[in-house]
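Observations on chain architecture
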Amino acid sequence: MARIVLTKPDIDRALTRIGHEIVESQRGRTGLVFLGIPTRGVFLARRLAEIVARIEPQEIAVGTLDVTMFRDDIQQKSTRATAPTDIPASGIDGTTVILVDDVLYSGRTVRAALDAITALGRPDVVRFAVLVDRGHRELPIRADFVGKNLPSAVDERVNVSLTEVDGTDEVSIA
Amino acid sequence: MKHLISTRDLSRAEAIGLLDTTADMVDVRGRDVKKLPTLRGKTVANVFFEDSTRTRLSFEAAALALSADVSTLTAQGSSVSKGESLKDTLQTLEAMGADYIVLRHSHSGVAATVATSGWTDAHVVNAGDGTHEHPTQALLDAFTMRSRLSGATARGAGLDGANIVIVGDIAHSRVARSNVWLLNTLGASVTLAAPKTLLPKDITEWGVSTAHTLDEALDGDPDVVMTLRIQKERMSSGYFPSESEYSRFWGMTSNRSARLKDTAIVMHPGPMNRGLEIAGDVADSARSTVTEQVRNGVAARMAVLYTLTGAQS
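Residues numbered from 1 in each chain as written. Chains lettered and ligands numbered in written order. Predicted model: local features only at pLDDT ≥ 70, side-chain atom pairs only at ≥ 80, totals over all residues.

Details of the domain arrangement of chain B
Residues and elements named next belong to chain B. Entries for chain B in the domain assignment read domain 1 (7-134 + 294-309) and domain 2 (135-289). Inter-centroid distance (C-alpha atoms) of domain 1 to domain 2 is 25 Å. Contacts between the two partners involve 28 residues from domain 1, matched on the other side by 26 residues from domain 2. Counting residues per element, the ones that place at least two in the side of domain 1 that touches domain 2 are helix H1 (12-29), strand S4 (123-129) and helix H11 (290-309). For the side of domain 1 that touches domain 2, the leading source of residues is H1, giving eight residues. (Domains from an automatic or database assignment. Contact = placed C-beta atoms within 7 Å. Helix = DSSP H or I, 4+ residues; strand = E, 2+ residues; numbered from the N terminus.)

Structural data, given as structure tokens:
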């Protein structure tokens, strides 16, 4: 049975809090670039960018970072479809990149994302925001901004639904 | 997908997936850092029993762009010229650790034989087998058409309703065969224009229309005209009276190019016989996608190598 752990108001509140934390962590630095990891990270990145712009109006870029070709499990898993990478035309050199994903689990996606970023340029700072941290890290990686820490068993599935793709905002565990 | 032997084996979803990945690889090729770590530690063996410039270089570039190691074997200058059998050559490559075998051979069906023989565990990519198939050429062609015809809305789309003319030596052309199967899968309608002597005998089975002159085919107002090379090396007897006669009825001349609608494109897989199947000024015009096809070829082959890599379900 799926148990709902975050409802739409919970998700909204978590993202708003993360938005405040991002502004606080900026310490006057400008040039924010939100890069979402497909699929759901992309929509979370857009929402966070809007929230941050509301809290502290500034120029913010939003893009997409596909990490598929940088993964370390390409041979072990069946082929994943690639997605377009879309970064600001001016590049990411010297910017503050906020990587955004829906779930943090083994940390391998983030590792791949860091390599993907390196291939695109050299930001001043890279930070990582995630809606749900479910634990079970396999690499020394942690998130800078977490919507919800969700202790889980390895055989459980965490499902993130977002209105933009799934028609509803909800996080459940089964 | 473990091997890529024929475009006939591709479902519509697989074909569109390959085109979408090709688009992502084109983006990578446009970046400062053009290399991906995807196939680090893997070896791609390019085995070319038949001459090739662009296909071999294109596969090499694709493999290198994915960080694979590449070894290239051509029939000249190898033990093949001492009479080593295909099986022995391939098992030697396998023993040296080839994970992918990109194979071109003058005999139809060789790639399929190698893939099913049990001689090797490697992924086999058909880079042209006789007059049978050349699937990566068809993928790069379809990708080029889709980008030119649909532009920004191309992702996820097929070629539904596109009107495509392929003109030239259909009978001897593996490019035509692979293209026809793939274009049918993608929903395009295909017209083949050729002298009767250069149309295959089983053409009624192909699900295409035919025209006996290029002008007749152009009456259908095509979106794409793909000209094929007259393959002098595969022509033992006279299939048409003379080169000037061929050019007169089936050549893509400047006058014929002027008949096309503004958005129509003219393609050629190369190498071109300028002045025979395609006029020089048409090949150099804005309609021509010849260099684009070469550029897209590397990306399409990257997409193929990547797509074959995942664990087989």
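Still more to cover.
Points about the sheet that holds strand S8 (residues 170-173) of chain A
Residues and elements named next belong to chain A. Taken together, the three strands give an open sheet; going across it, the order is S1-S8-S7, and neighbouring strands pair in antiparallel fashion. Strand pairing shows two members of the sheet lacking a second neighbour, strand S1 (3-6) and strand S7 (158-161), which therefore form its edges. On average, each strand axis in the sheet is tilted by 30° relative to the strand beside it, whichever way the strands run. With three bridges joining them, S1 and S8 adopt antiparallel strand pairing. Residue Ile4 lies in a different strand from S8, and its bridge partner there is Ser172. (Pairing = 2+ DSSP bridges. Axes fitted to C-alpha atoms, helices over the stretch in contact; angles between N-to-C directions.)

Side note on the interface of chain A and chain B
The partner chain B presents 16 residues to the 16 residues of chain A that form the contact. Its residues placed into classes, the side of chain A that touches chain B shows seven nonpolar, six polar and three charged. (Nonpolar A, V, L, I, M, F, W, Y, C, P; charged D, E, K, R; others polar.)

Re the nonpolar core
Formed by 137 residues in total, the largest nonpolar core has its most connected members in A:Leu99 and B:Ile101. The leading source of residues in this core is H11(B), at eight residues. (Core = buried A, V, L, I, M, F, W, Y, C linked by C-beta atoms within 7 Å. Buried ≥ 20, exposed ≤ 12 C-beta atoms within 10 Å, placed from the backbone.)

As for the packing of helix H2 (residues 54-65) of chain B against H11(B)
For any two helices packed against each other, one specifies the crossing angle of their axes together with the interaxial distance. All names here are of chain B. Running from amino to carboxyl end, H2 crosses H11 at an angle of 55°, the nearest separation of the two axes being 8 Å. With respect to H11, the axis of H2 lies oblique. Between H2 and H11 lies a crossing whose hand is right-handed. Of H11, the residues touching H2 (which contributes Arg54, Ser58, Phe59, Ala61, Ala62, Ala63 and Ala65) are Val294, Gly297, Val298, Arg301, Met302 and Leu305. (Parallel < 35°, antiparallel > 145°, perpendicular 65-115°, else oblique. Left-handed = near helix turned anticlockwise from the far one by under 90°.)

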